[in-house]
Amino acid sequence: MLKDKKILLCVSGGVAVFKAAALTSQLSQKGATVKVIMTESAKKFVTPLTFQALSRQNVYDDTFDEINPSKIAHIDLAEWADLVLVAPATANMIGKLANGIADDMISTTLLATTAPVWIAPAMNGNMYNHPAVQKNMKTLTSFGYRFIEPNEGYLACGYVGKGRLSEPLEIISYLEQFFAEGQIEQKLKNKKIIVTAGPTQETIDPVRYFTNRSSGKMGYAIAEEAAKWGADVTLISGPTNLPTPQHVHRVDTKTAQDMYDEVLKRYSDCDVVIKAAAVADYRPKNIFTEKMKKQPNDWVVEMERTKDILATLGEKKEDQILVGFAAETERVEEYARGKMERKNLDMIVANNVAEAGSGFQGDTNIVTIYKKDGSSLPLPLLSKNEVAKRLLMEIEPLLEGKSYNDC
Ligand code: CTP
């Protein structure tokens, strides 16, 4: 997994720098090219010569010491790397990276890179638990940085606690797994995918609305998985309580009409639309601007049809792949296939919401994927993330221009 990978190892100053030297050696033995940047304090623990000998590469430590005059070193390194690993990452370095400070070669290079960044902290246990460090790590997580947590054990400062840099082999196993997953990532690279998720809310008056039981979990799982496969994902979401998956562009909507507008304006430019949202079919005909007061008699709310987003996409379809969802309580196949035909879809994911383990609120689903060519793929009880993966496995060959029979 690490053969021919370009790894930029950023070494900040702590006693664990000696492990970074071992890490350099082991990464090189696995076929990776390792380039090392050191801070001034890291050099006080181990000399650059050690890293140079182990990596057989120049070691960088000064933003202004341009080794090759034809290149700006920190930009060149930032662009060169397949992956950046900061190990050991001190509290100071984590603080600088979280706040966009660029006053040494590591922090400057990290601002310039778009490569995935892994951070392996090492410090005293109290420092590690300090709210400032914890907050900075949270900030870095929100940037998409990944962490290899330190281990508990004897620390150089004499304490026993959490703060020991992970062992080199442990760090390497994280990187290997990351690159293994990355091979899947490439599969949807450069593909634009719109996923809709969640319920819609149709207003009656300033305090009331009609909605449904959709949690949005299925659509969010699809968006998350598609982003992992390298797709450019826009998640058009109804109101949910779910966090936005990493690397997903989220657009919040409320009503069926909002969702219609947001989907339609992106449609001509996308490769796939997956409509997992539970869109309201009806909305109140009149929206009251003031709160409706209760009356002695019944209240009849007149409803009108909303636009069917998926049917509209089916009518306007060029070469996009269209995937619908059908939540049914009876005659699942008949209704699902009927929708696929009426809405001009390539695929429909159907489930019987009355079945245990299947449906709106839970973390699992039991679905059958029906395809335009008449075939079907019944899936067992699976997590929604696993259903998302299986669905993308069915969609991906269609994007390669293969026919269903090739799949
Ligand atoms: N859908 C949509 N716009 C609507 C209603 C539904 O885009 N106004 C989409 C859903 O996102 C789903 C598919 O159509 O992917 C099927 O939704 P469903 O509510 O099951 O189908 P309906 O056509 O509304 O049929 P019915 O309510 O009669 O079951």
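A few points about unusual backbone geometry
With the exception of glycine, most residues fall at negative phi, and the peptide bonds are largely trans.
Here is step 1: Along the chain, A87 connects to P88 via a cis peptide bond; the corresponding omega equals -5°.
Here is step 2: By the element assignment, P88 lies in strand 4 (residues 83–89).
Here is step 3: Look at H247: it is not a glycine, yet its phi comes out positive at around 65°.
Here is step 4: For H247, the position within the fold is in the loop between strand 12 (232–237) and strand 13 (248–252).

Quick notes on the sheet that holds strand 20 (residues 367–371)
Here is step 1: In space, the eight strands of this open sheet follow the order 13-12-9-14-17-18-20-21, with mixed pairing throughout. A single partner strand is all that each edge strand has here, and the edge strands are strand 13 and strand 21 (376–378). Here the strands of the sheet are splayed against their neighbours by 15° on average, with no regard to which way each runs.
Here is step 2: Pairing analysis gives four bridges linking strand 14 (residues 272–275) to strand 17 (residues 321–328), with the strands arranged parallel.

Points about the site of the ligand
Here is step 1: Of all residues adjacent to the ligand, which total 15 residues, the nearest are K275, A277, L310, K339 and K343.
Here is step 2: At a separation of 2.9 Å, an oxygen atom of the ligand approaches a polar side-chain atom of D281.
Here is step 3: Within the contact set of the ligand, a nitrogen atom lies 3.4 Å away from a side-chain nitrogen or oxygen of D308.
Here is step 4: When the ligand sits alone it has 570 Å² of accessible area, and the protein chains cover 78% of it.
Here is step 5: Under a 2 Å grid-point criterion requiring more than half of the atoms, the pocket assigned to the ligand is the second largest pocket.

Section: the pairing of strand 20
Here is step 1: Among the five residues of strand 20, five are classified as buried, and the element is accordingly described as predominantly covered.
Here is step 2: Burial of the side chains of strand 20 extends over both faces: V367, I369 and K371 are buried on one face and T368 and Y370 on the other.
Here is step 3: Summarising the sheet, strand 18 (residues 347–352) and strand 20 pair through five bridges and their orientation is antiparallel. Opposite I348, over in strand 20, you have Y370 as the bridge partner.
Here is step 4: As defined by bridge partners, strand 20 adjoins strand 21 across three bridges and the pair is classed as antiparallel. Looking across to strand 21, one finds that T368 is bridged to P378.
Here is step 5: Linking strand 20 back to strand 21 in an antiparallel pair, the connection comprises four residues, with G374 at a positive phi of about 100°.

Focus on the sheet that holds strand 5 (residues 117–121)
Here is step 1: Pairing is parallel in the open sheet, where six strands are placed in the order 3-2-1-4-5-6. Single-partner strands in this sheet number two, and they are strand 3 (59–60) and strand 6 (146–147).
Here is step 2: Where strand 1 (residues 6–11) lies against strand 4, four bridges are found, and the strand directions are parallel. By the bridge assignment, L8 is partnered in strand 4 with V84.
Here is step 3: Docked against the sheet, helix 1 (residues 17–29) engages strand 1, strand 2 (33–38) and strand 4, running at close to 170° with respect to strand 1.
Here is step 4: Across the sheet, helix 3 (residues 48–55) touches strand 1, strand 2 and strand 3, and the angle it forms with strand 2 is around 170°.

A closer look at the pairing of strand 2
For a regular strand, side-chain orientation follows a simple rule: the groups alternate between the two sheet faces.
Here is step 1: Summarising burial for strand 2: five of the six residues are buried, a large majority.
Here is step 2: Pairing of strand 1 with strand 2, which is carried by six bridges, proceeds in the parallel orientation. Note on strand 2: the bridge partner recorded for C10 is I37.
Here is step 3: In this fold, the crossover linking strand 1 to strand 2 by way of helix 1 has right-handed handedness.
Here is step 4: Judged from the two bridges that link them, strand 2 and strand 3 form a sheet pairing that is parallel. Bridge pairing in strand 3 places V36 opposite V59.

Observations regarding the nonpolar core
Here is step 1: By size, the foremost hydrophobic cluster in this structure holds 34 residues, and its most contacted members are I274, L391 and I395.
Here is step 2: When sequence neighbours within four positions are dropped, the list of residues in contact with I395 reads V272, I274, I321, V323 and M347.

Section: the layout of surface pockets
Here is step 1: Its volume calculated, the second largest pocket comes out at about 910 Å³.
Here is step 2: Taken together, 43 residues make up the lining of the second largest pocket; nearest its centre are A277, A278, V279, F325 and A327.
Here is step 3: Contributions of two or more residues to the lining of the second largest pocket are made by helix 10 (217–228), strand 16 (303–305), helix 12 (309–315), strand 17, helix 13 (332–342) and strand 18.
Here is step 4: The dominant element in the lining of the second largest pocket, judged by the number of residues it contributes, is strand 17, at five residues.

Analysis parameters
- Residues numbered from 1 in each chain as written.
- Predicted model: local features only at pLDDT ≥ 70, side-chain atom pairs only at ≥ 80, totals over all residues.
- Heavy atoms only, no water.
- Helix = DSSP H or I, 4+ residues; strand = E, 2+ residues; numbered from the N terminus.
- Pairing = 2+ DSSP bridges.
- Axes fitted to C-alpha atoms, helices over the stretch in contact; angles between N-to-C directions.
- Near = heavy atom within 4 Å.
- Polar contact = N/O pair within 3.5 Å; in protein donor to acceptor, adjacent residues only side chain to side chain.
- Areas by Shrake-Rupley, 256 points an atom, 1.4 Å probe, with all protein chains shown as cover.
- 1 Å grid on protein atoms, 1.4 Å probe; cavity = no way out; pocket = protein on both sides within 12 Å on 5 of 7 lines; lining within 4 Å.
- Sits in = over half its atoms within 2 Å of the grid points.
- Buried < 20%, exposed > 50% of the residue type's maximum accessible area, 1.4 Å probe, protein only.
- Contact = heavy atoms within 4.5 Å.
- Right-handed = clockwise from strand over helix to strand, strands pointing away.
- Core = buried A, V, L, I, M, F, W, Y, C linked by side-chain atoms within 4.5 Å.
- Points joined across faces, edges and corners; volume = space filled by probe spheres on them.

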